[in-house]
There are 2 protein chains.
Amino acid sequence: MTVIGLDGDDTLWHSEIYFERTQRRFLDLVGRYVPATDAMAALAEVEHRNLDRYGYGIKGFTLSMLETAIELTGGEISAAELGALLGAGQRMLEHPVDLLPGVDEATAALAAEGRRLVLVTKGDLHHQERKILASGLADRFERIEIVAEKDPPTYRRVIESMGVEPAAFCMVGNSVRSDVLPVLEVGARAVHVPYHVTWAHEHADHDGSVPTLESLAELPAWLAEHAG
Amino acid sequence: MTVIGLDGDDTLWHSEIYFERTQRRFLDLVGRYVPATDAMAALAEVEHRNLDRYGYGIKGFTLSMLETAIELTGGEISAAELGALLGAGQRMLEHPVDLLPGVDEATAALAAEGRRLVLVTKGDLHHQERKILASGLADRFERIEIVAEKDPPTYRRVIESMGVEPAAFCMVGNSVRSDVLPVLEVGARAVHVPYHVTWAHEHADHDGSVPTLESLAELPAWLAEHAG
């Protein structure tokens, strides 16, 4: 039976909406000094140049917000305003884990039919572990893999750790860039379940041949039909 | 043959000295506003209260420095000074990986005699992966486990992943709190290799019965004598 890999952020639970909410707070504050469009572009640029340094996750995002705010305002922004950004980052870390529609039922159904599931998620180790715990889903997974980067070597390692060939592995997630393309590259299968917003860095397209589901609720039936 | 777990920070390579250097920079800056002793105590307190939120690692430490500086100066500190702290945190992330004396030779010797080695390190996933890569030691380890917390459940999982009983596992590291006590608690063995500075949060004592080595250089001979 095909082993199923599931992504976490924006596949099992909401994540990007919290980044968007915090970005609005950032634009409110920095928008007092510079045009909001400039602030948005500058933040995206600083985030991008810091990716290699900070990796993924909320702590790095908060540090990039602070850096952008200081740079962009030429040091005019106040410590109190920077403190407000720091606080916004902390509230993100404490956001509740809201499962996406159908996730609870779909993962329960897959676990009940004896599917081997592995959670493959990237970001801060500490924060991801806390979210997985809070999700109440941990017991449905045979393995939990929190990884620094979702690239072909990572997927090869994860698939090997499950003791199957790539052809017997299917990854399911919202990001074409992270959950689909590198998986296809190693010879495994992928199912795309789009989320309504995608971080610019994660944006990519597939050629249209990748199976696409509206929500995780459709996954058990799709697997029954297409993946033994 | 006993499986050997090795800690990373301050066991294989220097780490705490970079935190100390950055703390001095913090004290220089915040010391313009408040007495340095107050600043030191406040930073320790903010770090401690943020541990559950941020976990271990440099990004969380940088965020805690910024938070302390803003709080302690009542928002008087300038954005430029906060920017300097942000930069100090970034330089920490880029510090070179300096192996401790004897580490290269000891790990080479253990690998050459066919010892099964597992690296067990905690902190930022992304930064630890980069350090392991830069260390040049990765190939000597059968497994690399970057963990969020070094507690008994984590050690049970790591030992199980190596397919041995706790009695056939020996952890080697500089932190009594993280590398010795929880390991003894699960019924495995531990060797303490002290580092000359220990972060206050990691401080703990053992009862004196734990084997203690001056440096990792002594490990191969010690294992040959005490651990089959």
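Draft legend 1. Spotlight on the overall build of chain A. In terms of regular secondary structure, chain A is built from nine helices and five strands. Counting from the amino terminus, chain A carries its helices and strands in the arrangement β-α-α-α-α-α-β-α-β-α-β-α-β-α. By the compact-globule yardstick of 17 Å for 228 residues, chain A fits well, its C-alpha radius of gyration being 19 Å. Buried residues in chain A amount to 40% of all 228 residues.

Draft legend 2. View of the interface of chain A and chain B. Facing the 28 residues of chain A at the interface are 28 residues of chain B. The residue inventory of the side of chain A that touches chain B, partitioned by class, reads 13 nonpolar, nine polar and six charged.

Draft legend 3. Here's a closer look at the environment of K59 of chain A. Looking at the secondary structure, you find K59 of chain A in helix α3 (residues 58–72). Accessibility expressed as a C-beta count within 10 Å gives 29 for K59 of chain A, which makes it buried. Apart from residues lying up to four places away in sequence, K59 of chain A is in contact with D124 of chain A together with Y54, K59, G60 and L63 of chain B.

Draft legend 4. A look at the relation of the copies chain A and chain B. Expressed as a screw operation, the relation of chain A to chain B combines 0.0 Å of axial shift with a rotation of 180°, fitting to an RMSD of 0.0 Å. Between the two chains, the operation in question is that of a two-fold axis.

Draft legend 5. Summary view of the sheet that holds strand β3 (residues 143–147) of chain B. Residues and elements named next belong to chain B. Taking strand neighbours across the sheet as the criterion, the five strands line up as β3-β2-β1-β4-β5 in an open arrangement whose pairing is parallel. The strands lining the two open edges of the sheet, one partner per strand, are β3 and β5 (189–192). Strand-to-strand twist of the sheet, defined as the mean angle between neighbouring strand axes without regard to direction, takes the value 20°. Strand direction decides the pairing type here: strand β2 (residues 117–122) and β3, joined by five bridges, are parallel. Bridging from a neighbouring strand, L119 pairs with I144 of β3. Helix α8 (residues 176–185) contacts β2, β4 (169–173) and β5 of the sheet and is inclined by roughly 155° relative to β5.

Draft legend 6. Local environment of the sheet that holds strand β4 (residues 169–173) of chain A. All names here are of chain A. With parallel pairing, five strands are arranged side by side in an open sheet as β3-β2-β1-β4-β5. In this open sheet, the two strands that pair with only one neighbour each are β3 (143–147) and β5 (189–192). On average, each strand axis in the sheet is tilted by 20° relative to the strand beside it, whichever way the strands run. Along the sheet face, helix α6 (residues 125–135) touches β2 (117–122) and β3 and points at about 150° away from the line of β3.

Draft legend 7. Representation of the packing of helix α1 (residues 16–30) of chain B against helix α4 (residues 79–93) of chain B. Residues and elements named next belong to chain B. Running from N to C, α1 and α4 point in directions that differ by 175°, and their axes come no closer than 10 Å. If you check the angle between α1 and α4, you find them roughly antiparallel. On α4, the residues touching Y18, T22, R25, F26 and L29 of α1 are E81, A84, L85, A88, G89 and M92. Tallied by class, the residues present in the contact of α1 with α4 amount to seven nonpolar, two polar and two charged.

Draft legend 8. Broad picture of helix α3 (residues 58–72) of chain B. Residue and element names in this part refer to chain B. Here α3 spans 21 Å end to end across 15 residues, near enough to the 21 Å set by a 1.5 Å rise per residue. The element α3 is largely enclosed, with a buried count of 13 among its 15 residues. At the C-terminal side of α3, G74 shows a positive phi close to 55°.

Draft legend 9. Spotlight on helix α2 (residues 36–54) of chain A. Residue H48 of chain A marks the point of greatest curvature in α2 of chain A, where the axis turns by about 30°. Contact partners of the buried residues in α2 of chain A: α1 (16–30) and α3 of chain A together with α3 and α6 (125–135) of chain B. Following α2 of chain A by one or two positions, G55 of chain A adopts a phi angle in the positive range, close to 70°.

Draft legend 10. Examining the domain arrangement of chain A more closely. Residues and elements named next belong to chain A. When the domains of chain A are assigned, the result is domain 1 (3–14 + 98–226) and domain 2 (16–93). Distance from the C-alpha centre of domain 1 to the C-alpha centre of domain 2: 29 Å. Its residues assigned to classes, the side of domain 1 that touches domain 2 comprises five nonpolar, four polar and three charged.

Draft legend 11. Broad picture of unusual backbone geometry. Residue and element names in this part refer to chain A. Of note, the phi angle at D10 is positive, near 70°, even though the residue is not glycine. By secondary structure assignment, the location of D10 is in the loop between β1 (3–6) and α1. With 23 C-beta atoms counted inside 10 Å, the residue D10 sits in the buried group.

Draft legend 12. Structural context of the environment of V164 of chain A. All names here are of chain A. Mapping V164 onto the fold places it in the loop between α7 (152–161) and β4. Here the alpha-carbon distance between V164 and L82, two residues 82 residues apart in the chain, equals 49 Å. Residues contacting V164, with those up to four places away along its chain left out, are V3, I159 and F169.

Criteria and cut-off values
Within any chain, residue numbers begin from 1 and follow the written order of that chain's sequence. Naming scheme: in the order in which they are written, chains are lettered from A and ligands are numbered from 1. Reporting in this predicted model follows two pLDDT cut-offs: at least 70 for local features of residues, and 80 or more for side-chain atom pairs to be given and counted; totals over whole chains, interfaces and linings ignore these cut-offs and use all residues. To qualify as a helix, a DSSP run of H or I must reach at least 4 residues; to qualify as a strand, a run of E must reach at least 2; elements of each kind are numbered from the N terminus. With the radius of gyration taken over C-alpha atoms, the globule rule is written as 2.2 Å times the number of residues to the power 0.38. Remark: C-beta atoms are placed from the backbone, and a residue is labelled buried if 20 or more other C-beta atoms sit within 10 Å of its own, exposed if 12 or fewer do, or partly exposed between those counts. In this description, a residue-residue contact is defined by the distance between C-beta atoms placed from the backbone, which must lie within 7 Å. Charged means Asp, Glu, Lys or Arg here, nonpolar means Ala, Val, Leu, Ile, Met, Phe, Trp, Tyr, Cys or Pro, and polar covers whatever is left, Gly included. Alignment of copies: least-squares fit on C-alpha atoms of residues with pLDDT of at least 70 in both copies. Strand pairing is assigned whenever DSSP detects at least two bridges linking the two strands. To obtain each axis, a line is fitted to C-alpha atoms, and for helices this fit is confined to the stretch in contact; angles are then taken between N-to-C directions over 0 to 180 degrees. Any angle between 65 and 115 degrees counts as roughly perpendicular, while under 35 counts as roughly parallel, over 145 as roughly antiparallel, and the rest as oblique. What a helix should span is 1.5 Å times the count of its residues minus one. Across the chain, bend at a residue is computed as the angle between axes fitted to the seven residues ending at that point and the seven starting from it. Domain start and end points were adopted from an automatic or database domain assignment.

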